[in-house]
Amino acid sequence: MKIKSKILIIAGSDSSGGAGIQADIKTATCLGSFAMTAITAVTVQNTKGVKSVVPIVPNEIYNQIIYTVKDIQPDAVKIGMLHSSQVINKVILSLKKIKTKKIILDPVMVAKGGAKLISDEAIKLMKKKLLKKVFLITPNIPEAEILTGVKINSKEDMIFAANKLIEAGAANILIKGGHLNSKKVHDIYVNKREIKIFNSKRIKTLNTHGTGCTLSTAITSFFSCGKDLKKSCELGIKYVNSAILTNPKFGKGNGPINHLNSIELNRNYK
Ligand code: PXL
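Residues numbered from 1 in each chain as written. Predicted model: local features only at pLDDT ≥ 70, side-chain atom pairs only at ≥ 80, totals over all residues. Heavy atoms only, no water.

Concerning the site of the ligand
Surrounding the ligand, one finds Gly12, Ser13, Asp14, Ala19, Gly20, Gln45, Met81, Val108, Ala111, Leu117, His209 and Cys213. Within the side chain of Gln45, a nitrogen or oxygen atom sits 2.5 Å from an oxygen atom of the ligand. In isolation the ligand exposes 310 Å². Once the protein is present, 92% of that is buried. The pocket occupied by the ligand, as judged from atoms lying within 2 Å of grid points, is the largest pocket. With three residues, strand 1 (residues 5–14) is the largest single contributor of residues to the shell around the ligand. Residue classes in the shell around the ligand are distributed as six nonpolar, five polar and one charged. (Near = heavy atom within 4 Å. Polar contact = N/O pair within 3.5 Å; in protein donor to acceptor, adjacent residues only side chain to side chain. Areas by Shrake-Rupley, 256 points an atom, 1.4 Å probe, with all protein chains shown as cover. 1 Å grid on protein atoms, 1.4 Å probe; cavity = no way out; pocket = protein on both sides within 12 Å on 5 of 7 lines; lining within 4 Å. Sits in = over half its atoms within 2 Å of the grid points. Helix = DSSP H or I, 4+ residues; strand = E, 2+ residues; numbered from the N terminus. Nonpolar A, V, L, I, M, F, W, Y, C, P; charged D, E, K, R; others polar.)

Put into structure tokens, the structure is as follows:
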């Protein structure tokens with residue numbers, strides 16, 4: 001396969017390889033995009049939980065972005081874990097040097113095991129400043145609740161919360177429905193003009209570590225290659241569902257998903 005696009009990923013490292021920047025690089029690569037990175041934090045974790053988080057200093061995050069894009073301009077940007085307001089401010093500053101408006105924010109807040117990955121002050125700043133600067137935001141239900149103050153128990157609540165995010169300045173929102181107590185999973189795409197509900201079969205498994213990171217990067221990759229945003233969301237959801245269905249059952253806790261589900265090894269390498 002030829003490389004179809006270049007993307008920049010601003011996110012944290014997950015030593016277990018299932019989430020964070022490791023999931024992002026695997027996803028981008030398996031979907032045909034060249035991945036560049038700026039690492040925001042280094043986490044020590046396995047499928048049972050997070051042991052520690054070491055933040056990278058904000059200026060070094062800024063430098064990773066600036067020095068990289070000065071040489072190779074990305075076609076799109078995906079933003080994941082941003083743990084402090086200093087980091088958010090530096091990322092906002094660095095976005096000014098990036099020519100594309102295709103910026104996708106996964107508002108990472110807690111890891112699967114419950115470890116908090118962002119400060120309360122940073123959440124406020126994300127809502128006040130960063131939300132307006134990105135093209136799509138992909139919160140799950142707990143994240144949408146924190147960002148809007150809306151308690152979400154239904155599809156209608158999800159749409160109500162999405163509209164609150166539009167009022168706060170967001171352009172496009174994909175609220176992920178995995179946390180809702182429903183038979184099917186409903187992911188809802190909302191902007192000022194339309195509402196689209198993507199329905200998926202709920203897959204019963206504990207092995208969903210990294211689904212949020214993977215989805216936002218899959219969307220970024222499809223979008224960077226020229227698909228429209230709604231189609232990119234549809235294809236991203238499809239990729240994550242296949243990755244969950246074929247998960248490799250690694251680890252003793254919440255295991256990773258199968259990023260390779262889109263790949264056939266060329267027969268030269270068999
Ligand atoms: O899935 C959210 C997430 C994002 N970024 C990093 C993580 C996790 C969850 O574990 O470790 C670095």
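Past the structure itself, the notes keep going.
Remarks on the nonpolar core
Core analysis: the biggest nonpolar cluster contains 46 residues, and Ile10, Ile65, Ile79, Leu82, Val91 and Leu130 have the highest contact counts within it. Residues in contact with Ile79, not counting those within four places in the same chain, are Ile10, Val91, Leu95, Ile103, Ile104, Leu105, Asp106 and Val134. Core analysis: the second largest hydrophobic core is formed by 15 residues, Leu174, Leu215, Ile219 and Ile237 among them. (Core = buried A, V, L, I, M, F, W, Y, C linked by side-chain atoms within 4.5 Å. Buried < 20%, exposed > 50% of the residue type's maximum accessible area, 1.4 Å probe, protein only. Contact = heavy atoms within 4.5 Å.)

Overview of the pairing of strand 7 (residues 172–175)
Because side chains alternate across strand 7, one face comprises the buried residues Asn172 and Leu174, and the other comprises Ile173 and Ile175, equally buried. Bridging between strand 6 (residues 136–137) and strand 7 involves two bridges; their strand directions are parallel. Bridging across to strand 7, Ile137 finds its partner in Ile173. Here strand 7 runs beside strand 8 (residues 185–190); their pairing, made up of three bridges, is antiparallel. Directly across from Leu174, in strand 8, lies its bridge partner Tyr189. (Pairing = 2+ DSSP bridges.)

Here's the deal with the packing of aromatic side chains
This model, assessed by the stated rule, comprises one aromatic pair. Plain terms: the ring middles of Phe135 and Phe223 are 5.6 Å apart, the flat faces sit at 10° to each other, and that makes the pair stacked. Remark: Phe223 occurs in helix 7 (residues 211–224) and Phe135 occurs in the loop between helix 4 (120–130) and strand 6; sequence separation between them is 88 residues. Classification of Phe135 by relative accessible area gives partly exposed; the value is 31%. By relative accessible area, which is 7% here, Phe223 ends up buried. Over the aromatic face of Tyr62 sits the side chain of Lys90, whose NZ or CZ is 4.9 Å from the ring centroid. (Phe/Tyr/Trp six-rings, centres within 6.5 Å; stacked < 30°, edge-to-face > 60°. Lys NZ or Arg CZ within 6 Å of the ring centre and 35° of its normal.)

Thoughts on the sheet that holds strand 3 (residues 49–55)
Strand order in the open sheet formed by nine strands is 3-2-1-4-5-6-7-8-9, and the pairing between neighbours is mixed. Each edge of the open sheet carries a strand with a single partner, namely strand 3 and strand 9 (195–200). Contacts from helix 1 (residues 20–30) reach strand 1, strand 2 (33–46) and strand 4 (76–79) within the one sheet, and its direction differs from that of strand 1 by about 155°. Most of the contacts of helix 6 (residues 155–167) go to strand 8, to which it runs at about 30°, and overall it touches strand 7, strand 8 and strand 9. (Axes fitted to C-alpha atoms, helices over the stretch in contact; angles between N-to-C directions.)

Some thoughts on a nonpolar patch on the surface
A grouping of Met1, Leu260 and Ile263 is seen on the molecular surface, where their side chains present a nonpolar patch of about 350 Å² in accessible area. Note on Ile263: relative accessible area 35%, which makes it partly exposed. (Patch = residues over 30% accessible without salt bridge, like charges linked within 9 Å, V, L, I, M, F, W, Y side chains within 5 Å. Salt bridge = Lys/Arg side-chain N within 4 Å of Asp/Glu carboxyl O.)

With respect to the pattern of salt bridges
Scanning all chains against the criterion turns up seven salt bridges. In this structure, Asp24 and Lys78 form a salt bridge, with 2.9 Å as the shortest nitrogen-oxygen distance. Remark: Lys78 occurs in strand 4 and Asp24 occurs in helix 1; sequence separation between them is 54 residues. With a closest N to O distance of 2.9 Å, Lys116 and Asp120 form a salt bridge.

Here we look at the side chain of Ser84
Along the chain, Ser84 turns up in the loop between strand 4 and helix 3 (85–95). Its relative accessible area of 16% is what places Ser84 among the buried residues.

Comments concerning the environment of Thr40
Mapping Thr40 onto the fold places it in strand 2. The class for Thr40 is buried, based on a relative accessible area of 0%. Not counting the four nearest positions on each side in its chain, Thr40 is found in contact with Ile10, Ala11, Gly12, Pro55, Ile56, Ile61, Met81, Leu82 and His83.

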